[in-house]
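The residues making up each chain are set out below.
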Amino acid sequence: MRNVLPDGVEKYAESPLFNEQTVPEKLTSAHDLKAGVWGKLCVIDGSLEYHLPGQAHRSQLLKAGEHAVIEPQQVHFVKPVRNVQFKVEFYR
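Residues numbered from 1 in each chain as written. Predicted model: local features only at pLDDT ≥ 70, side-chain atom pairs only at ≥ 80, totals over all residues. Heavy atoms only, no water.

- As annotated in an unreviewed UniProt entry, the protein carries the name Tellurite resistance-related uncharacterized protein and is attributed to Stakelama sediminis.

Rendered as structure tokens:
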């Protein structure tokens, strides 16, 4: 799993701050980003599971202050762990 954005990408948007009660259903089920769009999943408080489903299913537990980089068109989903606050930054 990647935690560094590629050189040359610039932030153009970010999601609202989500918690375990406000996280949209779309984020907790398998989805992806458009071609050319990178995401930075930032955990502000608590813990969040980041999953890459498939034959070689991988997951990562992100804690407050940690982040994961979401590659373009990479299928993924998140699972809140108890109390959490997080956001997604978007780059291209």
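Comments concerning the nonpolar core
For step 1, the next point in the chain: Counting residues in each nonpolar core, the largest one holds 17 residues, and the members touching the most others are Leu 27, Leu 41, Leu 48, Tyr 50, Leu 62, Val 78 and Phe 86.
For step 2, the next point in the chain: Elements with a contribution of two residues or more to this core: strand 3 (38-52), strand 5 (67-70) and strand 6 (77-91).
For step 3, the next point in the chain: When residues of this core are assigned to their parent elements, the largest contribution, 5 residues, is made by strand 3.
For step 4, the next point in the chain: Beyond its immediate chain neighbours, meaning those up to four positions away, Leu 27 contacts Phe 18, Phe 77, Val 78 and Phe 86. (Core = buried A, V, L, I, M, F, W, Y, C linked by side-chain atoms within 4.5 Å. Buried < 20%, exposed > 50% of the residue type's maximum accessible area, 1.4 Å probe, protein only. Helix = DSSP H or I, 4+ residues; strand = E, 2+ residues; numbered from the N terminus. Contact = heavy atoms within 4.5 Å.)

A closer look at the packing of aromatic side chains
For step 1, the next point in the chain: Applying the stated criterion to the full structure yields 2 aromatic pairs.
For step 2, the next point in the chain: An angle of 45° between the planes, with centres 6.5 Å apart, marks the rings of Tyr 12 and Phe 90 as tilted. Separated by 78 residues along the polypeptide, Tyr 12 in strand 1 (residues 11-14) and Phe 90 in strand 6 bring together distant segments of the chain.
For step 3, the next point in the chain: Note on Phe 18 and Phe 86: the rings are 5.7 Å apart at their centroids and 50° apart in plane angle, and the pair reads as tilted. Of this pair, Phe 18 sits in strand 2 (residues 18-19) while Phe 86 sits in strand 6, and the two are 68 residues apart along the sequence. As far as burial versus exposure is concerned, Phe 18 and Phe 86 are alike and both buried.
For step 4, the next point in the chain: The residue whose ring lies beneath Arg 92 is Tyr 12, and the NZ or CZ to ring-centre distance is 3.8 Å. (Phe/Tyr/Trp six-rings, centres within 6.5 Å; stacked < 30°, edge-to-face > 60°. Lys NZ or Arg CZ within 6 Å of the ring centre and 35° of its normal.)

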